[in-house]
Amino acid sequence: MPARLGELACLLGAELHGDAERWVSGLAEPDAAGPEDLALLTDAARIHEGRRSRAGAFVVRQLLSDLTAPQLVCSDSSHALALLLERLAPETSACPRVG
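So, a few notes on the structure that sits alongside this text. In this numbering scheme, every chain counts its residues from 1 along its sequence in written order. Where totals are concerned, whole chains, interfaces and linings use all residues; where local detail is concerned, this predicted model gives features only for residues with pLDDT of at least 70, and gives and counts side-chain atom pairs only at 80 or more. The side-chain quantities take in all heavy atoms of the structure and omit both hydrogens and water.

Quick notes on the overall build of the chain
Elements are defined by DSSP. Helices are runs of H or I of four residues or more, strands are runs of E of two residues or more, and each kind is numbered from the N terminus. A tally of helices and strands in the chain yields three helices and seven strands. Two residues form a contact once any of their heavy atoms are found within 4.5 Å. Relative to all contacts within the chain whose residues are 6 or more apart in sequence, the contacts with residues 24 or more apart total 35%. Throughout, the Shrake-Rupley method with a 1.4 Å probe supplies accessible areas, and for residues the shown protein chains are the sole cover considered. Looking at the chain as shown, the accessible area adds up to about 6100 Å², and 51% of this sits on carbon and sulfur atoms.

What follows is the structure, encoded as structure tokens:
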């Protein structure tokens, strides 16, 4: 389900650097992300992936000046990932319908 970055910042307790009204609709690896995706970039050694990425926004542990897309600065990336998956993932039924 799509969400605004401002909403996600509140959900994560993150500091948002960028447009709070920007919409994202999914999660992706930085190298596979598109303009409507949020990408986790929590390892500074992978900054080169962020520079090449088309992601609409990033979740980072610290503000990275090399990135031009909005950034959600969040110290606990594992917890952030769990919350984002729950918020952005489409609802599915655990059991297929028989009928």
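Things to note about the packing of helix H1 (residues 5–12) against helix H3 (residues 77–88)
Between N-to-C directions, angles cover 0 to 180 degrees, with each direction set by a line fitted to C-alpha atoms, over the stretch in contact for helices. One way to put it is that H1 packs onto H3 with a least axis distance of 10 Å and a crossing angle of 130 degrees. With respect to H3, the element H1 is oriented oblique. Crossing angle aside, the handedness with which H1 passes H3 is right-handed. Side by side, H1 and H3 meet where Glu-7, Leu-8, Leu-11 and Leu-12 of the first sit next to Ala-80, Leu-83, Leu-84 and Arg-87 of the second. Each residue is assigned to one of three groups, with Ala, Val, Leu, Ile, Met, Phe, Trp, Tyr, Cys and Pro labelled nonpolar, Asp, Glu, Lys and Arg labelled charged, and all others, Gly among them, labelled polar. Considered class by class, the residues forming the contact of H1 with H3 number six nonpolar, no polar and two charged. Throughout this description, any angle smaller than 35 degrees is read as roughly parallel, any larger than 145 degrees as roughly antiparallel, any in the 65 to 115 degree range as roughly perpendicular, and the remainder as oblique. By convention, the crossing between two helices is left-handed when the near helix turns anticlockwise from the far helix through less than a right angle, and right-handed when the turn is clockwise.

Looking at the pattern of salt bridges
What counts as a salt bridge is simple: a side-chain nitrogen of Lys or Arg found within 4 Å of a carboxyl oxygen of Asp or Glu. One pass over the full model with this rule turns up five salt bridges. Note that Glu-21 and Arg-4 form a salt bridge whose closest N and O atoms lie 2.9 Å from each other. Taken together, the residues Glu-21 in the loop between strand S2 (15–17) and strand S3 (23–24) and Arg-4 in strand S1 (residues 3–4) connect sequence positions 17 residues apart. Between Glu-49 and Arg-46 there is a salt bridge whose closest N-O contact spans 2.8 Å. Burial here depends on accessible area, computed with a 1.4 Å probe over protein chains only, as a share of the maximum for the residue type. Under 20% is buried, over 50% is exposed, and the range in between is partly exposed. Here Glu-49 falls in the buried class, since its relative accessible area comes to 15%. Among the ionic contacts, a cluster of salt bridges with common partners joins Glu-29, Arg-46 and Glu-49.

Notes on the nonpolar core
Side-chain atoms within 4.5 Å link the members of a nonpolar core, which is a set of buried Ala, Val, Leu, Ile, Met, Phe, Trp, Tyr and Cys residues. With 16 residues, the main nonpolar core has Leu-5, Leu-8, Leu-12, Leu-38, Val-59, Leu-72 and Leu-84 as its most contacted residues. Within the residue set of this core, elements represented by two or more residues are H1, strand S5 (37–40), strand S6 (57–60) and H3. Top contributing element to this core by residue count: H1, with four residues. Aside from chain neighbours lying at most four places away, what touches Leu-12 is Leu-72, Cys-74, Ala-80, Leu-83 and Leu-84. Judged by nonpolar contacts, the second largest core, of eleven residues, contains Ala-39, Ala-55, Leu-67 and Val-73.

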